[in-house]
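Remarks on the overall topology
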Amino acid sequence: FEVTCSYLEVYNELIYDLLVPNSPSLDLREDPERGATVSGLKKISVTNADNVLDVLREGNARRKTEPTEANAVSSRSHAVMEINVRRFNRVGEGGDSGSRMDVLTGRLSLVDLAGSERASETKNEGSKLRDGANINRSLLALANCINALGKKQ
């Protein structure tokens, strides 16, 4: 088995790597084989559950937070932690010449969405008000995607 973790946040419509101090913004790309990927996102190899929790704690320490009137520690971003597992199986007989490796992959995405905000409750101004508007806009876009997917069924 090979297990890796990555952890990103979406803050003011930009993507940042939570496992890299002072991460620059990263680009979202469409890969024909893997689907949507974030170029330059750090992947850390882990060997047990404690390692995964260490990655989670490290990333959480870098998330954008601000106090508001509604919440003393308010996350200002959405976050996605991905845990990727790859299993390698040798298939066939006859040593190196007659066998091949099959690779099975799995991905678990853990998502923490920032909560919607009402400016009248948070009493935010300036950059906090802009953050709240971006949070609400992205949550609305997500709701529209979910609704559109539901209508296809």
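For the structure, see preceding data.
Quick summary incoming for the structure in this document.

What counts as what
- Residues numbered from 1 in each chain as written.
- Predicted model: local features only at pLDDT ≥ 70, side-chain atom pairs only at ≥ 80, totals over all residues.
- Heavy atoms only, no water.
- Phe/Tyr/Trp six-rings, centres within 6.5 Å; stacked < 30°, edge-to-face > 60°.
- Lys NZ or Arg CZ within 6 Å of the ring centre and 35° of its normal.
- Salt bridge = Lys/Arg side-chain N within 4 Å of Asp/Glu carboxyl O.
- Helix = DSSP H or I, 4+ residues; strand = E, 2+ residues; numbered from the N terminus.
- Core = buried A, V, L, I, M, F, W, Y, C linked by side-chain atoms within 4.5 Å.
- Buried < 20%, exposed > 50% of the residue type's maximum accessible area, 1.4 Å probe, protein only.
- Contact = heavy atoms within 4.5 Å.
- Expected span 1.5 Å × (residues − 1).
- Arc of directions from axis to C-beta.
- Polar contact = N/O pair within 3.5 Å; in protein donor to acceptor, adjacent residues only side chain to side chain.
- 1 Å grid on protein atoms, 1.4 Å probe; cavity = no way out; pocket = protein on both sides within 12 Å on 5 of 7 lines; lining within 4 Å.
- Points joined across faces, edges and corners; volume = space filled by probe spheres on them.
- Nonpolar A, V, L, I, M, F, W, Y, C, P; charged D, E, K, R; others polar.

1. Side note on the packing of aromatic side chains
The description of two aromatic rings rests on the distance between their centres and on the angle between their planes. Counting across every chain of the model gives zero aromatic pairs. The ring centre of Tyr16 lies 4.7 Å from the NZ or CZ of Lys64, which sits over that ring.

2. Considering the pattern of salt bridges
Inspection of every chain in the model, using the stated rule, returns seven salt bridges. Of the charged contacts, one joins Asp54 and Arg57 as a salt bridge, the two residues approaching to 3.3 Å between their closest N and O atoms. Here Arg57 and Asp54 lie together in helix H1 (residues 49-62), a separation of three residues that amounts to about one turn. A salt bridge links Arg62 to Glu58; the shortest N-O distance between them is 3.0 Å. Placement of both Arg62 and Glu58 in helix H1 is noted, with a separation of four residues, approximately one turn of the helix.

3. Considerations on the nonpolar core
Cys5, Tyr7, Leu18, Leu19, Ile44, Val46, Val52, Val55, Ala79, Met81 and Ile83 together form the largest nonpolar core, which totals 11 residues. Taken together, the elements giving at least two residues each to this core come down to strand E1 (2-11), strand E6 (44-46), H1 and strand E9 (78-91). The element that contributes the greatest number of residues to this core is E9, accounting for three residues. Dropping the residues within four chain positions of it, Ile44 is found in contact with Val3, Thr4, Cys5, Leu19, Val55 and Glu58.

4. What to know about unusual backbone geometry
Of note, the phi angle at Glu13 is positive, near 65°, even though the residue is not glycine. Along the polypeptide, Glu13 turns up in the loop between E1 and strand E2 (14-17). The phi torsion at Asn22 lies on the positive side, around 50°, for a residue other than glycine.

5. Side note on H1
For H1, built from 14 residues, the straight-helix expectation of 20 Å at 1.5 Å per residue is met to within 8% by its first-to-last C-alpha distance of 21 Å. All of the buried residues along H1 are Val52, Val55 and Gly59. Projected onto a plane normal to the axis of H1, the buried residues spread over an arc of 60° and lie on a single side. Turned more than 90 degrees from where H1 packs its buried face, Asp50, Arg57 and Ala61 sit exposed. Structurally, H1 contributes buried residues whose contacts are with E1, E6 and E9. The N-terminus of H1 is capped by Asn48, whose side-chain oxygen sits 3.0 Å from the backbone nitrogen of Asp50.

6. Points about empty space enclosed by the protein
All chains considered together, the criterion is met by one cavity of 30 Å³ or more. The calculated volume of the largest cavity comes to roughly 60 Å³. What lines the largest cavity is simply Val10, Tyr11, Asn12, Glu13, Arg76, Ser77, His78, Asp131, Asn134, Ile135 and Ser138. Those elements that place two or more of their residues in the lining of the largest cavity are E1 and helix H4 (126-152). Broken down by element, the residue count for the lining of the largest cavity peaks at four residues, all from H4. Per-class residue counts for the lining of the largest cavity are three nonpolar, five polar and three charged.

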